[in-house]
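Overview (structure and organization)
Listed here are the chains, written in short residue letters.
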Amino acid sequence: LLRRLGSYDRAAYRSVARLRMPLLDKPLRLVSDFANFSKPWFLISGALALFGGTQGRRAALTGLAAIGAASLVVNQPMKMAGARIRPDREGGGVPQQRWVRMPSSTSFPSGHSASAAAFAVAVGDVLPALRLPLGAAASVVAFSRVYTGVHYPGDVIVGATVGTLFGRLTSIVARRISSSWAAARRSTSNIT
């Protein structure tokens, strides 16, 4: 079963490699590189914290916590357990003009996709108006990892799934903490 899934994954990888969309080569390369170390999500968090009021600060903190949790799980135990070798871009037919630096870590699952999904879901749960644009941005980051040849599609799908789960769990925990604090403030104000 795993071998069959691997063969489907490699076939999907080669299909993406055969896509000829030269107008996307440079933008997707830039997106893939820019997403290193969760830079876009940290920048958005900073903007939310500075300009978003109390809800924006809550969303920023929730999003960053989700990235931390997802990254810890994906980039440590999951990557070690998966131990999947990175794709052979040249053998897979990925045009060289799309290439970004090949990471030294194992391929499965995609940390970029996990962080992007975790942030998008967690922040989208706190600020629903941002759900669609952040989901679209996370999808572009995930696709860029396959398009530039550094991940198989399965790596990205699993990474995004794990990130989505951690984003949702983080927003649930953040909501409960916020509710507890609000109840404690009400109870304290009722006493005084």
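First things first, this report covers the structure right here in the doc. Since the model is a prediction, treat every value here as computed from it, not as a measurement.

So, the overall build of the protein chain
Check the secondary structure of the protein chain and you find 8 helices and 0 strands. C-alpha atoms of the protein chain, sized along the principal axes, occupy 70 × 35 × 25 Å. Expressed as a percentage of its 192 residues, the buried residues of the protein chain come to 42%. Sequence-distant contacts, at least 24 apart, represent 81% of the contacts inside the protein chain between residues at least 6 apart. For the protein chain, the separation between the mean place of its 24 positive charges and that of its 7 negative charges on side chains is 10 Å.

Points about the side chain of Asp9
Position of Asp9 among the secondary structure elements: in helix α1 (residues 2–18). At a separation of 2.6 Å, a polar atom in the side chain of Asp9 contacts the main-chain amide nitrogen of Gly154. Leave out the neighbours within four places in its chain, and Asp9 touches Arg84, Tyr152, Pro153, Gly154 and Asp155.

Topic: a nonpolar patch on the surface
Taken together, the side chains of Val173, Ile177 and Trp181 define a hydrophobic patch exposed on the protein surface, amounting to about 320 Å² of accessible area. When you line up the elements, Trp181 lands in helix α8 (residues 153–191).

Describing the packing of aromatic side chains
For the coordinates displayed, the defined rule picks out 3 aromatic pairs. Relative to Tyr152, the ring of Tyr13 has its centre 5.2 Å away and its plane inclined at 55 degrees; by these criteria the two rings are tilted. Within this pair, whereas Tyr13 is found in helix α1, its partner Tyr152 is found in the loop between α7 (131–147) and α8, the two being separated by 139 residues in sequence. Here Tyr13 and Tyr152 have matching classes, each one buried.

Describing the packing of helix α2 (residues 22–34) against α7
Running from amino to carboxyl end, α2 crosses α7 at an angle of 110 degrees, the nearest separation of the two axes being 9 Å. Taken together, α2 and α7 sit at an angle that is classed as roughly perpendicular. In the crossing of α2 with α7, the sense of the turn from one axis to the other is left-handed. Of the residues in α7, those in contact with Leu24, Asp25, Leu28, Val31 and Ser32 of α2 are Val140, Val141, Phe143, Ser144, Arg145 and Tyr147. Looking at the contact of α2 with α7 residue by residue, the class counts come to 7 nonpolar, 2 polar and 2 charged.

A word on a positive patch on the surface
Taken together, the side chains of Arg10, Arg14, Arg18 and Arg20 present a region of like positive charge at the surface. Its place among the elements puts Arg10 in helix α1.

Quick word on the layout of surface pockets
By volume, the largest pocket amounts to about 390 Å³. Contributing to the lining of the largest pocket are 18 residues, with Asn36, Phe37, Asn75, Gly111 and His112 lying nearest its centre. Looking at the lining of the largest pocket, the elements with two or more residues in it are α4 (53–82) and α6 (111–126). Looking at the lining of the largest pocket, its residues break down into 4 nonpolar, 10 polar and 4 charged. In this structure, the second largest pocket encloses a volume near 300 Å³. If you trace the second largest pocket, you find 13 residues lining it, with Arg58, Leu61, Ala174, Ile177 and Trp181 closest to the centre. Listed by contribution, the elements that provide at least two residues to the lining of the second largest pocket are α4 and α8. Per element, the largest residue contribution to the lining of the second largest pocket is 7 residues, and it comes from α8. Considering only residue class, the lining of the second largest pocket consists of 6 nonpolar, 4 polar and 3 charged.

Here's the deal with the nonpolar core
With 15 residues, the main nonpolar core has Trp41, Leu48, Ala59, Phe119, Val123 and Leu134 as its most contacted residues. The set of elements that each furnish at least two residues to this core consists of α3 (39–51), α4, α6 and α7. For this core, the element with the highest residue contribution is α6, accounting for 5 residues. Contact partners of Leu134, with chain neighbours within four places excluded, come to Trp41, Ile44, Phe119, Ala120 and Val123.

Reading guide: rules and limits
Residues numbered from 1 in each chain as written. Predicted model: local features only at pLDDT ≥ 70, side-chain atom pairs only at ≥ 80, totals over all residues. Heavy atoms only, no water. Helix = DSSP H or I, 4+ residues; strand = E, 2+ residues; numbered from the N terminus. Buried < 20%, exposed > 50% of the residue type's maximum accessible area, 1.4 Å probe, protein only. Contact = heavy atoms within 4.5 Å. Lys, Arg positive; Asp, Glu negative; His and termini not counted. Charge placed at Lys NZ, Arg CZ, Asp CG, Glu CD. Polar contact = N/O pair within 3.5 Å; in protein donor to acceptor, adjacent residues only side chain to side chain. Patch = residues over 30% accessible without salt bridge, like charges linked within 9 Å, V, L, I, M, F, W, Y side chains within 5 Å. Areas by Shrake-Rupley, 256 points an atom, 1.4 Å probe, with all protein chains shown as cover. Salt bridge = Lys/Arg side-chain N within 4 Å of Asp/Glu carboxyl O. Phe/Tyr/Trp six-rings, centres within 6.5 Å; stacked < 30°, edge-to-face > 60°. Axes fitted to C-alpha atoms, helices over the stretch in contact; angles between N-to-C directions. Parallel < 35°, antiparallel > 145°, perpendicular 65-115°, else oblique. Left-handed = near helix turned anticlockwise from the far one by under 90°. Nonpolar A, V, L, I, M, F, W, Y, C, P; charged D, E, K, R; others polar. 1 Å grid on protein atoms, 1.4 Å probe; cavity = no way out; pocket = protein on both sides within 12 Å on 5 of 7 lines; lining within 4 Å. Points joined across faces, edges and corners; volume = space filled by probe spheres on them. Core = buried A, V, L, I, M, F, W, Y, C linked by side-chain atoms within 4.5 Å.

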